[in-house]
Amino acid sequence: MKRFPWILTVLTVLGLILLIGLGVWQVERLKWKEGLIAAADAAAAKPPAPLEQVLAEGDLEFRKALIVCPGLASAPFVELQSIHDGEAGVRLISACKPAGADFTLLVDRGFVGDGVTARPRVLETTLPLVMVGEFRTFDKPGAMSPAPRDGRFYARDTAAMAEALNVVGPVRPEAVFAVTAVNPEFPALRPSAPPAAFSNNHFGYALTWFGLAIALAGFYVALLRRRTKKDIS
């Protein structure tokens, strides 16, 4: 009988350890992602609460707050290139210093399609406005993100937007999406928060890695049996 294929066996075992480990890791990621989705759904289902209470809760993602923003309806804004329900356009971002707060929020007042050239008026006022805003967090834009031009941004860069809006003092890093109308006199401005961008393909990935492990094991057994038959004959 020929020598036992130790090298092939060792390589196969190492391959199986790797593939099974990747499959187990994807199962763990699946459980983590399901927990994340459940937490986001629970936060989104909570009724709006006063801003101070929401901030005290700590976990702001998808949480809705009642916010008093003096002068928001006619505040200066920058435009953020965006797509909403398949339509190209811009989102209007304004600074809001909530009543009694020592920080500023950047409020996404809503979406305006590219077919609309008009914009809400800009007028300095302290007229209070009560809105419901949904907190969301975003990663900082990458180095490849296009630079803003003529007041239009192509990535949600909190620091750069605050600077463009001449904000003085601390700015919270979260984005706040108006989910109630900030400018009811301007219906082209549609308040909305983007849907949760959770991809949950981990079950399929786990099946792929486990399937590859089974295929590798089957390939090894087939080679071993073929080698054994040759030795017997």
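Residues numbered from 1 in each chain as written. Predicted model: local features only at pLDDT ≥ 70, side-chain atom pairs only at ≥ 80, totals over all residues. Heavy atoms only, no water.

**Q** Talk me through the overall build of the protein chain; I want residue IDs and the actual numbers.
**A** For the protein chain, the helix and strand inventory stands at 4 helices and 8 strands. Reading the secondary structure of the protein chain in the N-to-C direction produces α-β-α-β-β-β-β-β-β-α-β-α. The C-alpha atoms of the protein chain give 27 Å as radius of gyration, which overshoots the globular expectation for 233 residues (17 Å, by more than 25%). Counting only residues that meet the buried cut, the protein chain has 34% of its 233 residues in that class. Counting every atom, the protein chain has about 14000 Å² of accessible surface; 63% of that belongs to carbon and sulfur. For the protein chain, the distance from the average site of its 25 positive side-chain charges to the average site of its 22 negative ones is 15 Å. (Helix = DSSP H or I, 4+ residues; strand = E, 2+ residues; numbered from the N terminus. Rg over C-alpha atoms; globule rule 2.2 N^0.38 Å. Buried < 20%, exposed > 50% of the residue type's maximum accessible area, 1.4 Å probe, protein only. Areas by Shrake-Rupley, 256 points an atom, 1.4 Å probe, with all protein chains shown as cover. Lys, Arg positive; Asp, Glu negative; His and termini not counted. Charge placed at Lys NZ, Arg CZ, Asp CG, Glu CD.)

**Q** Describe the UniProt feature "transmembrane region" (unreviewed entry) in the protein chain, and please don't skip the residues or the numbers.
**A** In the numbering used here, UniProt assigns the feature "transmembrane region" (unreviewed entry) to residues 203-223. Counting secondary structure, residues 203-223 comes out at 100% helix and 0% strand; the distance between its end C-alpha atoms is 30 Å. (UniProt positions renumbered as here; feature names shortened; annotations may be inferred.)

**Q** Could you give an account of the pairing of strand β3 (residues 78-84), with specific residues and numbers?
**A** The element β3 is largely enclosed, with a buried count of 5 among its 7 residues. Two successive antiparallel strands, β3 and strand β4 (residues 87-96), enclose a turn made up of 2 residues, where D85 displays a positive phi of approximately 50°. Direction of pairing for β3 relative to strand β7 (residues 152-153): parallel, over a ladder of 2 bridges. Considered in β7, the bridge of E79 is made with R152. (Pairing = 2+ DSSP bridges.)

**Q** Any chance you could break down the side chain of R136 for me, citing the residues and the numbers?
**A** With respect to the element layout, R136 can be found in strand β6 (residues 130-136). R136 gets classed as buried once you look at its relative accessible area, which sits at 6%. Within the structure, the side chain of R136 is placed 3.4 Å from the side chain of E134, a separation counted as a polar contact. (Polar contact = N/O pair within 3.5 Å; in protein donor to acceptor, adjacent residues only side chain to side chain.)

**Q** Describe the packing of aromatic side chains, listing the residues and the values that go with them.
**A** Summed over all chains, the structure comprises 1 aromatic pair. Relative to F177, the ring of F138 lies with its centre 6.0 Å away and its plane at 55°, an arrangement referred to as tilted. You can see F138 sitting in the loop between β6 and β7 and its partner F177 sitting in strand β8 (residues 171-178), a full 39 residues away along the chain. Seen from the ring of F138, R156 lies directly overhead, with NZ or CZ sitting 5.1 Å from the centre. Between R172 and the ring centre of F103, over which it is positioned, the NZ or CZ distance is 5.9 Å. (Phe/Tyr/Trp six-rings, centres within 6.5 Å; stacked < 30°, edge-to-face > 60°. Lys NZ or Arg CZ within 6 Å of the ring centre and 35° of its normal.)

**Q** I'd like a description of a nonpolar patch on the surface, backed by residues and values.
**A** A contiguous nonpolar surface patch, about 600 Å² in accessible area, is contributed by I7, V10, L11, V13, L14 and I17. You can see L14 is positioned in helix α1 (residues 6-45). (Patch = residues over 30% accessible without salt bridge, like charges linked within 9 Å, V, L, I, M, F, W, Y side chains within 5 Å. Salt bridge = Lys/Arg side-chain N within 4 Å of Asp/Glu carboxyl O.)

**Q** With reference to specific residues and values, describe the state of the cysteines.
**A** Enumeration according to the criterion identifies 1 disulfide in this entry. Here C69 engages in a disulfide with C96; their sulfurs sit 1.8 Å apart. Its S-S torsion of approximately -85° makes the covalent link between C69 and C96 left-handed. Pair noted here: C69 is in the loop between β2 (64-68) and β3 and C96 is in strand β4, with a separation of 27 residues, a long-range link. (Disulfide = S-S within 2.5 Å.)

**Q** Can you lay out unusual backbone geometry for me, pointing to particular residues and giving the numbers?
**A** Excluding glycine, residues mostly carry a negative phi; peptide bonds, for their part, are mostly trans. Not every positive phi belongs to a glycine, and F62 is a case in point at roughly 70°. For F62, a relative accessible area of 7% puts it in the buried group. Even without being a glycine, N166 presents a positive backbone phi close to 60°. Relative to the assigned elements, N166 resides in the loop between α3 (158-164) and β8. Classification of N166 as exposed rests on a relative accessible area of 65%.

**Q** Let's hear about the sheet that holds β8: which residues, and what values?
**A** Taken in spatial order, the 8 strands make up an open sheet running β1-β2-β6-β8-β5-β4-β3-β7, and their pairing is mixed. Bordering the open sheet on either side are β1 (49-50) and β7, each of which pairs with just one other strand. With 4 bridges connecting them, strand β5 (residues 104-113) and β8 associate as parallel partners. The partner of V107 across the bridge, within β8, is V176.

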